[in-house]
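Architecture at a glance
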Amino acid sequence: MSHVEDELNSQPECWIRAAEEAGRHADALPGAGERVAIVGCGTSYFMAQAVAALREAAGQGETDAFAASEFPRGRSYDRVVALTRSGTTTEVLDLLGQLRGTARTTAVTADPATPVATAADHLVVLDFADERSVVQTRFATTALTLLRAHLGLHGDAVVADARTALATALPEGLVDCTQFTFLGRGWTVGLANEAGLKMREASLSWTEAYPAMEYRHGPISITTEGTATWMLGEAPAGLAEQVDATGGLWIEGTLDPLAELVRVQRLAVAVAARRALDPDRPRHLTRSVILAS
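Figured I'd write up the structure that's included with this text. Just so it is clear, the structure is predicted and the values come from calculations on it, not from any experiment.

**Describing the packing of helix α8 (residues 188-203) against helix α10 (residues 257-274)**
- As a packed pair, α8 and α10 sit with axes 8 Å apart at the nearest point and diverge in direction by 15°. Considering their axes alone, α8 and α10 lie roughly parallel with respect to each other. Taken as a pair, α8 and α10 cross one another with a handedness that is right-handed. Within the contact between the two elements, α8 uses T188, L191, E194, A195, K198, M199, A202 and S203 and α10 uses P257, L258, L261, V264, Q265, L267, A268, V271 and A272.
- Its residues placed into classes, the contact of α8 with α10 shows 12 nonpolar, 3 polar and 2 charged.

Laid out in structure tokens, this is it:
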């Protein structure tokens, strides 16, 4: 079993622990009414998109998500939360340094023995969700679970759905598809973006991701026999029928969207195996992007 397989299979237990610890970290996480930015790179940026949408929809306050390198320096926030598995990513550390003294900062990381421990005002450590694989799975979803629980949006059903996602066979013919499109709405747009990234990283697949209502505005033109369109969350009315009419494979997300992302992680590993690729060592990638000064 690859590291990534072992790590993605451990997610239900990681989510349970993160939800249990959310209360202990309440002071380090955004409070109701705060104006908040959530930042990250790669997978962490897509988790930031999901959290920002969840927090605003919950009425907790204005919340933006940015790639760390694209943070708007002239904009004011009460708190900036950085998601960083390694704690060493250059763009995140640079941003936290620039924000010191101007906004409260919190870093959510898997490794406290890294520079992020002193770069942020507050530290939330999820070391039990750290990973050996370059490809992120359980740290990202555990960080999102921590923040969902902090917002009161996590429940036992989410973990049950994750177990179902791990135990249920993938849809027939899905592994054989040549192109994958992932769709989301609201907070699941970030999950769709992450699903596409996971497939690219682990299996070198051709993937795209869109807000579901945008899919009709051009992207559906590539859908045909041998392609798959996967909806994370509730689909817009009529979209499944439109995809079926193209000859493409429609995958309806019936589980909690975060559990659906676990199914996508499994698909990425399965496609990698079909193509004789090592999902633990994706080409041209490292665990953390550290730029020379």
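**Here we look at the pattern of salt bridges**
- In the structure shown here, the tally under the stated rule is 15 salt bridges.
- Here R85 makes a salt bridge to E131, at a shortest N to O gap of 2.5 Å. Taken together, the residues span a long stretch of sequence, with R85 in the loop between β3 (79-84) and α4 (90-99) and E131 in the loop between β5 (122-125) and α6 (138-150) at a distance of 46 residues. As far as the burial class goes, R85 and E131 line up, both buried.
- Among the salt bridges present, the one from K198 reaches E194, with a minimum N-O distance of 2.8 Å. Placement of the pair is K198 and E194 together in helix α8, with a separation of 4 residues, close to one helical turn. Summarising the burial analysis for this pair, K198 and E194 share the class buried.

What counts and what doesn't
Residues numbered from 1 in each chain as written. Predicted model: local features only at pLDDT ≥ 70, side-chain atom pairs only at ≥ 80, totals over all residues. Heavy atoms only, no water. Axes fitted to C-alpha atoms, helices over the stretch in contact; angles between N-to-C directions. Helix = DSSP H or I, 4+ residues; strand = E, 2+ residues; numbered from the N terminus. Parallel < 35°, antiparallel > 145°, perpendicular 65-115°, else oblique. Left-handed = near helix turned anticlockwise from the far one by under 90°. Contact = heavy atoms within 4.5 Å. Nonpolar A, V, L, I, M, F, W, Y, C, P; charged D, E, K, R; others polar. Salt bridge = Lys/Arg side-chain N within 4 Å of Asp/Glu carboxyl O. Buried < 20%, exposed > 50% of the residue type's maximum accessible area, 1.4 Å probe, protein only.

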